[in-house]
Amino acid sequence: MEALSPTMEEGRLVRWLKPEGASVANGDTLAEVETDKAIMELVARGDGVLRRQLVAEGATAPIGTLLGVIAAPNEDIAALVGGVAPVSASAAPNAPSPAPATATAVAPEAPAPMVVTTSEGDRVRSSPLARRLAAERGLDLHAIAGSGPNGRIVKRDLDTTVAPATPAAPVVAVPVTAGADYTDIALTQIRRTIARRLAESIGPVPTFYLTAELDVERLSEMRKAMAELGDDYKVSVNDIVLKATATALAQHPEVNAHWLGDRIRQFARVHLGVAVAIDEGLITPVVFDADKKRLRDIAREVRELATRAKARKLKPEEYTGSTFSVSNLGMFGIDQFTAIINPPEAGILAIGAVEAKPVVVGEAVVVRRRMRVTMSCDHRVIDGATGAKFLATLRRLIENPLLLVY
Amino acid sequence: MALITYRDALNQALREEMQRDDRVFLMGEEVAVYQGAYKVSKGLLQEFGEMRVVDTPITELGFAGVGVGSAMVGLRPIVEFMTWNFALLALDQVVNAAAKMLYMSGGQYNIPIVFRGPNGAALQLAAQHSQAWESWLAHIPGLKVVVPGTPADAKGLLKSAIRDDNPVIVLEGEMLYNTRGEVPDGEHVVPIGVADLKREGDHATIVTSGKMVLVAMQAADALAKEDIRVDVVDLRTVRPMDVAAIAASVKKTNRAVVLEEGWELAGIGAQVVDYIQRECFDDLDAPVLRVHQADTPMPYAKNLERAAKPDAAKTIAAVKRVMYRGN
């Protein structure tokens, strides 16, 4: 039972359109399935003979249930159907087993997809190198013909594939799937092409940079005012920047995203990687759910993580899982710099030093404290305008820090 | 550079190290008066006398044990086995005494000993005298195992073996003694544990060692005529193994064939394949293939022996398979 709608959890098999024993080809409509939204067509994912229908018309089955078997005419399918009790619309008569085989009785421990035993199925045989290269180049292995044994896709097959083949029939799109904390976005043809072309042009991560100079006068005043309340209220510029970045990311999931080769994963939660210089190099501990944390909590957590990072006491789970990162060299007097993206993250923000400088406000030149931020963007995920909008939100938050408590 | 035989290269290494350190002495069957069964010790008795070039009875276990004992009290013995096939009798001393003494004495006794001699098959010596023991010996913690395939490596590795403070196994080749190669003049030492890229190519990697280096080079020459360029990684030492050199080559070529003289099961090649799958998984474009001796005792009949041995033709076929050429 395929997920034919994003929210579907089970489907009712309305009717079979192919009888047992019928030859089917990839893309043929096998059956009609009623989802939570509509009656949809269930299509074959491979060529062969519909050897068995395992779910009766009218029966309801959860996603992942084995509905039937497509195989070669003489192929032994006993192992596939052996452990599966047939699903009937009502309790099966004369069922010898003590548990009547009802629709709800079928709950496989692991979701089993529609099983296709020919090599035409969703499983694509490919060498590890071919998989890695395809991911790097944004190629869809489904669209490539393998020249190795059993149709295995090997490196040379990728070398002859310039662009993803235009499918005669619609290619099985990567479905939009959602977990609790993220949404996977299927790649459109244009997004696929952008990804491939840009990666060819500039390397594995096609990066571009956006720089903005932010006015931090109010931010500095706020910090000063907080410090005057006592040591408990001292926060760094970086702490406020982190809070603002996390808040902005929560509003821009298109930036709070990972590039996964065949799809883009946008995160609903904001886990902010904070680059910390240590003697051996660099490590990026993570402030989880940074957008939901109070400034005070972020300040304390970052201080604590940095201390332990320098002592090399961080646990792996404390420096993995970030959705976006921030690197700050302002304290070293760096005005502006570009940071390297930490794949598969789609962006990183490089924070420069706060510096008093003359700026034009209205018609007058006045001295204002300013700070330059530079965002490195993976162009496969973030377009120029997307990044600019995110920076606009960030500017609004940094220049009006009271919004952070709003 | 002098063009000399593998035999003379070993002889030079022995002579130079005996001149360099008077604790070094040679012991074995026929090494002194007869000048060595394969003339590796030619002239050494005359130069160093019978206290340092010692003929033994046909008692492999006995003289291996004398060697271990002398190493415990400060000498640096070189024990020659007429062939490693005979050394099976001495393995108790090699494995249970030499390899474990430092460990079991809590660090009190280093055993700076070299066990050396020809290993593997020659021509029609039949099943008992045609065996390659690399994987047996490399299996033992406490031993180092070097497998020189060229005169230069034979000289350089034997010198390193003699200078090493631990037991080192030197596996030579009867069929190699007469081969010639360039050996650098003057002091020439090859470090233990460092592989050598004997030939450079970008299409596939052949990992090999010892006598099979020559086979790999023949295969590489033939493949070059079909525009297939291979890296030949000569391990030179099979314990410890130069994993970095293997990985560097496979990451470049994405394909590997492991060629060894011995049998398949638990052979040296199995270990090489394990390193490759661990270090290079995402770089592999094809399964790693192995070329090795057929899984039988070595036949005596000439045609059957030829069929059982790994050779250039089998290596070429394997390289083509990992490149998805032909079948």
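Here the structure is a predicted model, which means the values were calculated and not measured. (Residues numbered from 1 in each chain as written. Chains lettered and ligands numbered in written order. Predicted model: local features only at pLDDT ≥ 70, side-chain atom pairs only at ≥ 80, totals over all residues.)

S.K.: Mind laying out the overall build of chain B, listing which residues take part and the relevant values?
M.R.: Scanning chain B from terminus to terminus reveals twelve helices and 14 strands. Of all 327 residues assigned to chain B, the portion counted as buried reaches 52%. Taking contacts inside chain B between residues at least 6 apart in sequence as the whole, the part at least 24 apart equals 79%. (Helix = DSSP H or I, 4+ residues; strand = E, 2+ residues; numbered from the N terminus. Buried ≥ 20, exposed ≤ 12 C-beta atoms within 10 Å, placed from the backbone. Contact = placed C-beta atoms within 7 Å.)

S.K.: So, the overall build of chain A: which residues are in play, and what are the values?
M.R.: Secondary structure summary: chain A contains eight helices and 19 strands in total. The buried share among the 406 residues of chain A stands at 34%. Sequence separation of 24 or more characterises 61% of the internal contacts of chain A that already satisfy a separation of 6 or more.

S.K.: Residues and numbers for the confidence of the model for chain B, please.
M.R.: Taken over all residues, the pLDDT of chain B has a mean of 96, while the share at 70 or more is 99%. Scoring of the predicted complex yields 0.54 for pTM and 0.71 for ipTM. (pLDDT = per-residue confidence, 0-100.)

S.K.: Describe the sheet that holds strand 12 (residues 237-239) of chain B, with residues and values.
M.R.: Residues and elements named next belong to chain B. Read from one edge of the open sheet, seven strands run 3-2-4-5-7-6-12, paired in mixed fashion. The outermost strands of the open sheet, each flanked by one partner alone, are strand 3 (53-55) and strand 12. Put simply, the sheet's adjacent strands are angled 20° from each other on average, direction ignored. Of the strand pairs in this sheet, strand 2 (residues 24-28) and strand 3 are connected by three bridges, and their pairing is parallel. By the bridge assignment for strand 3, G28 is matched with D55. (Pairing = 2+ DSSP bridges. Axes fitted to C-alpha atoms, helices over the stretch in contact; angles between N-to-C directions.)

S.K.: Break down the nonpolar core for me, with residues and values.
M.R.: Core analysis: the largest hydrophobic core is formed by 108 residues, its most contacted members being I206, A216, V257 and V319 of chain B. The leading source of residues in this core is helix 8 (residues 212-224) of chain B, at eight residues. Leaving out residues up to four positions away in the same chain, V319 of chain B has contacts with A204, I206, A219, L223, I228, V230 and V257 of chain B. Formed by 54 residues, the second largest nonpolar core is a distinct cluster that contains V205, I240, L249 and A339 of chain A. (Core = buried A, V, L, I, M, F, W, Y, C linked by C-beta atoms within 7 Å.)

S.K.: Quick one: what's the story with the packing of helix 3 (residues 60-72) of chain B against helix 4 (residues 91-98) of chain B, residue by residue and with numbers?
M.R.: Residues and elements named next belong to chain B. Interaxial distance between helix 3 and helix 4 falls to 8 Å at its minimum, and their mutual angle equals 25°. On the basis of their axis angle, the class for helix 3 and helix 4 is roughly parallel. Contacts between helix 3 and helix 4 involve L61, A64, G65 and V68 on the former and, on the latter, D92, Q93, V94, A97 and A98. (Parallel < 35°, antiparallel > 145°, perpendicular 65-115°, else oblique.)

S.K.: Quick one: what's the story with the pairing of strand 7 (residues 68-71) of chain A, residue by residue and with numbers?
M.R.: Residues and elements named next belong to chain A. A two-sided burial pattern is seen for strand 7, the buried positions comprising G68 and I70 on one face and V69 and A71 on the other. Both strand 5 (residues 48-53) and strand 7 contribute to a ladder of four bridges, which runs antiparallel. Across the sheet, R52 pairs through a bridge with V69, a residue of strand 7.

S.K.: Quick rundown of the interface of chain B and chain A? Include the residues and the values.
M.R.: On the side of chain A, nine residues touch chain B, which itself brings eight residues to the contact. Grouping the amino acids of the side of chain B that touches chain A by side-chain chemistry returns four nonpolar, one polar and three charged. (Nonpolar A, V, L, I, M, F, W, Y, C, P; charged D, E, K, R; others polar.)

S.K.: So what's going on with the sheet that holds strand 18 (residues 347-361) of chain A? Residues and values would help.
M.R.: Residue and element names in this part refer to chain A. In spatial order, the strands read 10-19-18-17-13-16; together these six strands make up an open sheet with mixed pairing. Where the open sheet ends on each side, the last strands, each with one partner, are strand 10 (207-215) and strand 16 (286-287). Across two bridges, strand 13 (residues 272-274) lies against strand 16 in antiparallel orientation. The residue of strand 16 that forms the bridge with G273 is V286.

S.K.: Any details on the environment of L125 of chain B? Residues and values, ideally.
M.R.: Relative to the elements of secondary structure, L125 of chain B occurs in the loop between strand 5 (114-118) and helix 6 (134-138). Residue L125 of chain B is classed as partly exposed on the basis of its 16 C-beta neighbours within 10 Å.

S.K.: Please give an account of the pairing of strand 17 (residues 324-328) of chain A that cites residues and values.
M.R.: Residues and elements named next belong to chain A. Most of strand 17 is tucked away, with five of its five residues classed as buried. Of the two faces of strand 17, both are covered, the one formed by F324, V326 and N328 as well as the one formed by S325 and S327. By the bridge criterion, three bridges tie strand 13 to strand 17 in an arrangement that is parallel. What sits directly across from L272, in strand 17, is F324.

S.K.: Report on unusual backbone geometry, specifying residues and quantitative values.
M.R.: P344 of chain A follows P343 of chain A through a cis peptide bond whose omega is 5°. In this structure, P344 of chain A sits in the loop between strand 17 and strand 18. Of note, the amide linkage connecting R239 of chain B to P240 of chain B takes the cis form, showing an omega dihedral of -5°. Mapped onto the fold, P240 of chain B is located in the loop between strand 12 and helix 9 (243-253). Backbone geometry places Q124 of chain B, a non-glycine residue, at a positive phi of 50°. The residue Q124 of chain B is located in the loop between strand 5 and helix 6 in this model. A tally of 13 C-beta atoms within 10 Å means that Q124 of chain B is categorised as partly exposed.

S.K.: Help me get a handle on the confidence of the model for chain A, residues and values and all.
M.R.: Regions with low pLDDT carry predicted coordinates that are not meant to be interpreted in detail. Residue and element names in this part refer to chain A. A residue-level look at chain A finds 83% of positions with pLDDT of 70 or above and a mean pLDDT of 81. The low-confidence segment residues 90-120, where pLDDT is below 50, has 53 contacts with residues more than four positions distant or belonging to other chains. Between residues 163-175, whose pLDDT stays under 50, and residues either more than four places distant or in other chains, the model counts 18 contacts.

S.K.: Describe the environment of D181 of chain A, naming the residues involved and giving the relevant values.
M.R.: Residue and element names in this part refer to chain A. Along the chain, the position of D181 falls in the loop between helix 3 (155-159) and strand 9 (182-186). Residue D181 is classed as exposed on the basis of its C-beta count, with 12 C-beta atoms lying within 10 Å. Through-space distance from the C-alpha of D181 to that of R269 is 6.0 Å; in sequence the pair is 88 residues apart.

S.K.: Go over helix 8 of chain B with me, naming the residues and quoting the values.
M.R.: In a regular helix each residue adds 1.5 Å, so 13 residues correspond to 18 Å; helix 8 of chain B covers 18 Å between its end C-alpha atoms and thus fits that length. The complete set of buried residues in helix 8 of chain B reads M212, V213, V215, A216, M217, A219, A220 and L223 of chain B. (Expected span 1.5 Å × (residues − 1).)

S.K.: Go over helix 2 (residues 128-137) of chain A, please, and point to the residues and values.
M.R.: All names here are of chain A. Looking at helix 2, one finds that the buried residues are L129, A130, L133 and A134. Here the buried residues of helix 2 occupy an arc of 130° about the axis, which is enough to place them on one side. The inward-facing, buried residues of helix 2 abut helix 3. Just downstream of helix 2, G138 is the residue with a positive phi angle, here 70°. (Arc of directions from axis to C-beta.)

S.K.: Provide a residue-level description of the packing of helix 8 of chain B against helix 12 (residues 312-322) of chain B, including the pertinent values.
M.R.: Residues and elements named next belong to chain B. Across the interface, helix 8 lies against helix 12 with an axial gap of 8 Å and an inter-helix angle of 55°. The angle between helix 8 and helix 12 falls in the class oblique. You can see that helix 8 and helix 12 cross each other, and the crossing is right-handed. On the side of helix 8, the interface is formed by V215, A216, Q218, A219, A222 and L223, while helix 12 contributes A312, T315, I316 and V319. (Left-handed = near helix turned anticlockwise from the far one by under 90°.)

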